[in-house]
Amino acid sequence: MNLTDEEQAMRAGAFGPLRQWAIEHQIKVGSYLGAADFVPVSQAHIMADTESLGEAGVAWLEGWTRLPPDQRRVRIPTISDPRGTDFAAAARLKQQPWMLEREQRAIAVFEALGVLMTDTCINYQTIMPPVRGEHVAYGDTGVVIYSNSVCGARSNFEGGPSALGAGLTGRTPRYGFHLDAHRRATLLVRVGFSPRELDEWGALGGIVGRLAGDYWQVPAVVGVDRVPTSDEMKHFGAALASYGSVALFHMVGITPEAQRLEDVASPTMHTRDVGEADIRAFQQSYTRDIGAVDVVVFSAPQLSLIEMRQLADLLDGRHATIPLLAVTSPQVKPDADRLGLTARIEAAGGTVLAGMCFYQSYAREVREANGWQRLATNSAKLTNILGGYGYRPVLMSMAVCVETACAGGRIGP
Amino acid sequence: MHYARAGMGRLVRGQALVAKDGFSARYDLDRVRGVFSRPEHKLAGQSFLGRVLVLDAAKGGVATAWMLHEMTARGIMPAALVLNAVNPIMVQGAALADFTMISGFDLDITAAIPDGALVEVDPGERPCIRVLA
């Protein structure tokens, strides 16, 4: 990789050992992926739940906090993805003290590094959405795909170590979706049915993700009959990223880089059709042979204020007789409290959690401690992840999830 | 001998565990027991300890970037990862964990390597995988 004088000095240790590690790590990654040089980035977003970090990761990070502040603090605005718990509700999830202690240690590290602990995966709805053409270094696949596709920003998937590296150096290797050449469509998806419910948007994302197949594929979707809302784009993108490891999509006539198909079409693009039957089959593949569930979870991505309102409306005058968890961001939670939404959800037997994500919160241990196995959600992303943690996830609309929670977990009439 | 477009880590030998399926540490693995745990995965129930995983594409989210490091620290690891298509997360995770990985072939590597074969993965100047027995 071509390095500027400053980058060479960083590599030589002139800015301390942490920035030296950071740029060495970035050079290793950039060299593997064919980056010619670095590109300056304006923000970084770090995913670092302690289940992923483990004891080894937390201890490794703690080693850097002994450096003086000028050597350890990030150079650009750097924010955090959801944590592994909501300390106020950890007992209700039956999380263990060692999990909370490890979380506290990780939080202390990131605060010492100058990270803003926003604890959110919906920063594009709540903190500061990136602008078209803005180069950023975001973690959380849902954040990346929304920022690239809906906002027109430029980011690759930056896992925790690389996002931290970008925060410390203020740059990232220029490969993948920082380059025009990688942003053209490789797959044209003709949609014959426009989803209405959020779980249907997630199902469509999951189907397109499976069709796309890997990170370097860029689907262009045509045939959507209206402009989706931010929450609909959120569920579509999160599922697409989860099932396909995809980081960028275009929705022709809707997303900013694809006002016309010709704007993004490539000569090698192949075409696939997706209809309502595909979406129903996708949903039914999860509900098959499951007559009841043990828990209902709304999470992944965290709920917007609008979703919190929808949930509160659905629960009014009802009572959930199995656990019902609603996970939102620390930015949305105060508004939900102020507007009475939290009180309405909890009066109906639900539990509102903030600053965490269900699957990033020791999901296997929480399942074992609570005796949960069958789980209903309206998040296709969550259904994709939780199978590996021993759950049997069911994908249903928010309304049907609420019905199910109020019927003791029994699905259907 | 099959050449890859990129590689990192050190030369390793091990028994290949092959499937035309994806790889994500969070989505697919029980990292405590050292087995593939996602029921839909073609290697569900099989141990990955010390094996050279030959798979199709990197999948899933960003957690693998930390998890390879965490698994290495506990010694609950495959020997190497060989992929048709990599994503940045696998590269970032392998870089942090100093883990051996090669990727990008002119053929479908999951069809070229027999399951159970003894293989050598060389991530050096010309990254490659060769079947020894």
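Residues numbered from 1 in each chain as written. Chains lettered and ligands numbered in written order. Predicted model: local features only at pLDDT ≥ 70, side-chain atom pairs only at ≥ 80, totals over all residues.

If you tally the helices and strands in chain B, you get 4 helices and 10 strands. Its helices and strands taken in sequence order, chain B reads β-β-β-α-β-β-β-α-β-α-β-α-β-β from the N to the C terminus. In terms of C-alpha radius of gyration, chain B reaches 13 Å, essentially the compact-globule figure of 14 Å for 133 residues. Taken over 133 residues, chain B has a buried fraction of 61%. Considering only residue pairs separated by 6 or more positions, chain B has 74% of its internal contacts joining residues 24 or more positions apart. (Helix = DSSP H or I, 4+ residues; strand = E, 2+ residues; numbered from the N terminus. Rg over C-alpha atoms; globule rule 2.2 N^0.38 Å. Buried ≥ 20, exposed ≤ 12 C-beta atoms within 10 Å, placed from the backbone. Contact = placed C-beta atoms within 7 Å.)

As a further point, take the packing of helix H8 (residues 141–151) of chain A against helix H11 (residues 230–244) of chain A. Residue and element names in this part refer to chain A. As a packed pair, H8 and H11 sit with axes 8 Å apart at the nearest point and diverge in direction by 120°. H11 is crossed by H8, and the crossing has right-handed handedness. Touching Thr141, Gly142, Val144, Ile145, Tyr146, Ser149 and Val150 of H8 are Met233, Lys234, Gly237, Ala238, Leu240, Ala241 and Ser242, all from H11. Grouping the constituent residues of the contact of H8 with H11 by class yields 8 nonpolar, 5 polar and 1 charged. (Axes fitted to C-alpha atoms, helices over the stretch in contact; angles between N-to-C directions. Left-handed = near helix turned anticlockwise from the far one by under 90°. Nonpolar A, V, L, I, M, F, W, Y, C, P; charged D, E, K, R; others polar.)

Residue and element names in this part refer to chain A. The domain boundaries assigned to chain A delineate domain 1 (5–178), domain 2 (184–283) and domain 3 (289–406). Centre-to-centre, using C-alpha coordinates, domain 2 lies 25 Å away from domain 3. Counting residues at the interface gives 15 residues for domain 2, matched by 15 residues for domain 3. Residue assignment for the side of domain 2 that touches domain 3 shows that the elements contributing at least two residues are helix H10 (198–212) and H11. Of the residues that constitute the side of domain 2 that touches domain 3, the class distribution is 5 nonpolar, 6 polar and 4 charged. (Domains from an automatic or database assignment.)

What follows covers the sheet that holds strand S14 (residues 392–395) of chain A. Residues and elements named next belong to chain A. Pairing is parallel in the open sheet, where 5 strands are placed in the order S12-S11-S10-S13-S14. The two strands at the open ends of the sheet, each matched to only one other strand, are strand S12 (350–354) and S14. Averaged over all pairs of adjacent strands, the angle between strand axes in this sheet comes to 25°, irrespective of strand direction. Direction of pairing for strand S10 (residues 295–303) relative to strand S13 (residues 374–377): parallel, over a ladder of 2 bridges. The residue bridging valine 296 from the neighbouring strand is alanine 376, located in S13. Packing of helix H18 (residues 398–406) onto the sheet brings it into contact with S10, strand S11 (324–328) and S13, and relative to S10 it is tilted by some 150°. (Pairing = 2+ DSSP bridges.)

With that settled, the discussion passes to unusual backbone geometry. Excluding glycine, a negative phi dihedral is what most residues carry, and trans is how most peptide bonds are arranged. All names here are of chain A. Following alanine 300, the chain continues to proline 301 via a peptide bond in cis, the omega torsion being 0°. With respect to the helices, strands and loops of the structure, proline 301 is situated in strand S10. Despite not being glycine, aspartate 119 has its phi angle at roughly 55°, a positive value. Here aspartate 119 is to be found in the loop between helix H6 (97–112) and helix H7 (123–126). For aspartate 119, a count of 22 C-beta atoms within 10 Å translates into the label buried. Unlike most non-glycine residues, alanine 300 shows phi in positive territory, near 60°. One can find alanine 300 in strand S10.

A separate point is the interface of chain B and chain A. Counting from both sides, the interface comprises 33 residues of chain B and, opposite them, 32 residues of chain A. When its residues are assigned to classes, the side of chain B that touches chain A shows 19 nonpolar, 8 polar and 6 charged.

Moving on, we come to the pairing of strand S6 (residues 187–191) of chain A. Residue and element names in this part refer to chain A. Counting buried positions along S6 gives 4 out of 5 residues, so the element sits mostly inside the fold. Summarising the sheet, S6 and strand S7 (residues 219–222) pair through 4 bridges and their orientation is parallel. Note on S7: the bridge partner recorded for leucine 188 is alanine 220. Following the backbone out of S6, through H10 and into the adjacent parallel S7, one traces a crossover that is right-handed. Pairing geometry for S6 and strand S9 (residues 270–274), over 5 bridges, is parallel. Pairing of valine 189 across the sheet is with arginine 272, part of S9. (Right-handed = clockwise from strand over helix to strand, strands pointing away.)

Ordered by their spatial adjacency, 3 strands build an open sheet running S3-S2-S4 (chain A), and the pairing between neighbours is parallel. Looking along the sheet, the strands with just one partner apiece sit at the ends: strand S3 (78–80) and strand S4 (137–138) of chain A.

Next up on the list: the pairing of strand S7 (residues 80–85) of chain B. Residue and element names in this part refer to chain B. With 6 of 6 residues buried, S7 lies mostly within the body of the structure. Across 5 bridges, strand S6 (residues 52–57) lies against S7 in parallel orientation. Within S7, the residue paired with alanine 57 across the bridge is alanine 85. In terms of handedness, the path from S6 via helix H2 (residues 64–74) over to S7 forms a crossover that is right-handed. Alignment of S7 against strand S8 (residues 101–103), held across 3 bridges, turns out to be parallel. Note that in S8 the partner of leucine 83 across the bridge is serine 103. Of the crossover connections in this fold, the one passing from S7 over helix H3 (residues 88–97) to the parallel S8 is right-handed.

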